[in-house]
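Summary of the model geometry
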Amino acid sequence: MRERFVVEGLAGKRALRGDLPVSGAKNAALKFLAATILFDDEVTFDNMPAIEDIHRMGELLESSGATVRFEDHTMTVVPPAQWKPALDTAIAKRLRASIVPTGPMLADMGEVTFPFPGGCVLGERPIDLFLSGFEALGASVEERDEQFHVRAKDGVLHGAHIFFPFVSVTGTETLMMAAALAEGETVLENAAMEPEIVALAQMLNASGANIEGAGTPVIRINGTAGKPLHANGQTFTIPPDRIETGSFLVLAALAGDDVTISRCEPTHVRSLLDLLSRAGVLLEVGDSFVRVRGSAAPAPYTSISVRTHEYPGFPTDLQALMAIFLTQAEGEATVLETIFDGRFRYADDLNRMGADITVMNPHRILVRGPKQLSRAKLESPDLRAGLAYIIAAAIASGVSHIDNAYVIDRGYEKIEDRLAGIGLSIRREQCE
Ligand code: EPU
């Protein structure tokens, strides 16, 4: 049975109040789980978000031989004596992040077979960087029967100097993990610098890996020459989700009277905090919270153009949210998407709700505001836009429906309960 969210909009009133805690980061947790393939003992995580993508990654590990226990945000992965070095096709095709375990599997088992990964459709999402990285580390890649067969020539990978022609988050993580057990040194140049990469490197280093420079464009990995990593009873904590943090900040700015986003890491959303405060949003930034107190003046916020960029720039995953913010700001601004194409599919829906957005080309939109949005029946094009739609519905007038709850559940845990906790009228219902 399909489910949808029903949201009663606040019609532009700023009425939400209270504390809105942030969950563990999906995009950190998925990589932490993939990393367990490098370990020879059980690994425990806390603050693990109970969301669809995490369940899928758990199943993917189970289908390769692991035992996975998940209860009350604590997940334990017990590795098998020998991993089965082939990823389950049905699961991998539902999850873009299924590409990530291929690196550790190749490092640990000397081979891996996997299909082209699925996941959110955000324009073209090729995997050439992964395949050429594996080859640079001394593996052969063969594509046959719609599967990639990758094999380390003599069973082990060899360190290499790899230059990324453009920055890739999962590419950096996957090759960093492949190199962790290789023989010799690997240098990853033009690496991604996302906080998830730093967290992953810390977890690996705490368990026997030797990785330097994570969080900078040059990462050096001294491989263990095949020696697996060992958790030794440590529990690793999943860091807070910076995209959820950013989405909640936008909601609080547009519909909040006095909302505190808690259990977050404000330094991970600097680019958004900077934009919001320049637009006139009153923010109080603490160590692990941001309090949003509406606007400095009663007038609408000021429009500010935004350009997505790799971390620490403005994240593409908050791009739809920013467009919604701009529909409520005074003036005209452009949103330039530099990471993906095909990520403006929300523009038509927002225009149906009363927004004034012109799609100039697949990378640029023009947003004019402020415009009062009104209710609509919506179906989210991707996971991040899904929460953006809930936020658009929250500020609109009337009752909106967001149809494919599953897409939102993939990335956000019990979103309706948490948003209801600060006073939003939102419920989940079954539909045909
Ligand atoms: N790219 C290639 N070849 C490759 C790999 C990437 O051309 O082999 C291109 C992509 O098509 C894109 C660009 O490189 O144009 C950057 O993509 P990147 O590889 O960095 O994206 P990703 O690693 O697939 C992760 C997040 C995304 C997030 C992007 C950008 C995970 C699991 N996913 O994707 O998150 O949008 O980085 O920050 O970490 C989401 O959580 O909903 C989500 C889509």
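About the cut-offs
Residues numbered from 1 in each chain as written. Predicted model: local features only at pLDDT ≥ 70, side-chain atom pairs only at ≥ 80, totals over all residues. Heavy atoms only, no water. Core = buried A, V, L, I, M, F, W, Y, C linked by side-chain atoms within 4.5 Å. Buried < 20%, exposed > 50% of the residue type's maximum accessible area, 1.4 Å probe, protein only. Helix = DSSP H or I, 4+ residues; strand = E, 2+ residues; numbered from the N terminus. Contact = heavy atoms within 4.5 Å. Phe/Tyr/Trp six-rings, centres within 6.5 Å; stacked < 30°, edge-to-face > 60°. Pairing = 2+ DSSP bridges. Axes fitted to C-alpha atoms, helices over the stretch in contact; angles between N-to-C directions. Parallel < 35°, antiparallel > 145°, perpendicular 65-115°, else oblique. Left-handed = near helix turned anticlockwise from the far one by under 90°. Nonpolar A, V, L, I, M, F, W, Y, C, P; charged D, E, K, R; others polar.

Core analysis: the biggest nonpolar cluster contains 75 residues, and Leu 249, Phe 325, Ile 390, Ile 402, Ile 415 and Leu 419 have the highest contact counts within it. Broken down by element, this core gets its largest block of residues, 10 residues, from helix H12 (residues 383-395). For Ile 402, the contacting residues outside a window of four places in its chain are Arg 4, Phe 5, Val 7, Leu 378, Tyr 389, Ile 390, Ala 393 and Ile 408.

This part takes up the packing of aromatic side chains. The full count for this structure, using the stated rule, is five aromatic pairs. Their ring planes at 40° and their centres at 6.3 Å tell us that Phe 45 and Phe 236 sit as a pair that is tilted. One end of the pair, Phe 45, is in strand E3 (residues 43-46); the other, Phe 236, is in strand E13 (residues 235-237), and 191 residues separate them in sequence. For Phe 45, a relative accessible area of 0% corresponds to the buried category. Taken together, a centroid distance of 5.4 Å and an interplanar angle of 25° make the contact between Phe 114 and Phe 148 stacked. Of this pair, Phe 114 sits in strand E6 (residues 111-114) while Phe 148 sits in strand E8 (residues 147-152), placing them 34 residues apart in sequence. Among the residues examined, Phe 148 registers a relative accessible area of 6% and is labelled buried. Three or more aromatic residues joined by ring pairs make a cluster, and in this case those are Phe 32, Phe 45 and Phe 236.

Looking now at the sheet that holds E3. Strand order in the open sheet made by the four strands is E4-E5-E3-E13, with mixed pairing throughout. Each end of this open sheet is capped by a strand with a single partner; those strands are strand E4 (67-71) and E13. Put simply, the sheet's adjacent strands are angled 20° from each other on average, direction ignored. In terms of strand pairing, E3 meets strand E5 (residues 74-78) through three bridges, oriented antiparallel. Bridged to Phe 45 within E5 is Met 75. Along the sheet, helix H2 (residues 52-63) makes contact with E4 and E5, crossing E4 at roughly 155°.

Time to look at the packing of helix H8 (residues 242-255) against helix H9 (residues 270-279). Running from N to C, H8 and H9 cross one another at 10°; their axes reach a closest spacing of 10 Å. Compared by their axis directions, H8 and H9 come out roughly parallel. Judged by the twist between their axes, the crossing of H8 over H9 is right-handed. Between H8 and H9, the contacting residues are Gly 246, Leu 249 and Val 250 on the first element and Leu 272, Leu 273 and Leu 276 on the second. A per-class count over the contact of H8 with H9 returns five nonpolar, one polar and no charged.

To continue, consider the environment of Val 285. With respect to the secondary-structure elements, Val 285 resides in strand E15 (residues 281-285). Judged by its relative accessible area of 48%, Val 285 is partly exposed. Taking C-alpha positions, Val 285 is 37 Å from Ala 180, a pair spaced 105 residues apart along the chain. Leaving out residues up to four positions away in the same chain, Val 285 has contacts with Pro 266, Leu 273 and Val 290.

As far as function goes, none of this settles anything; it's purely spatial.
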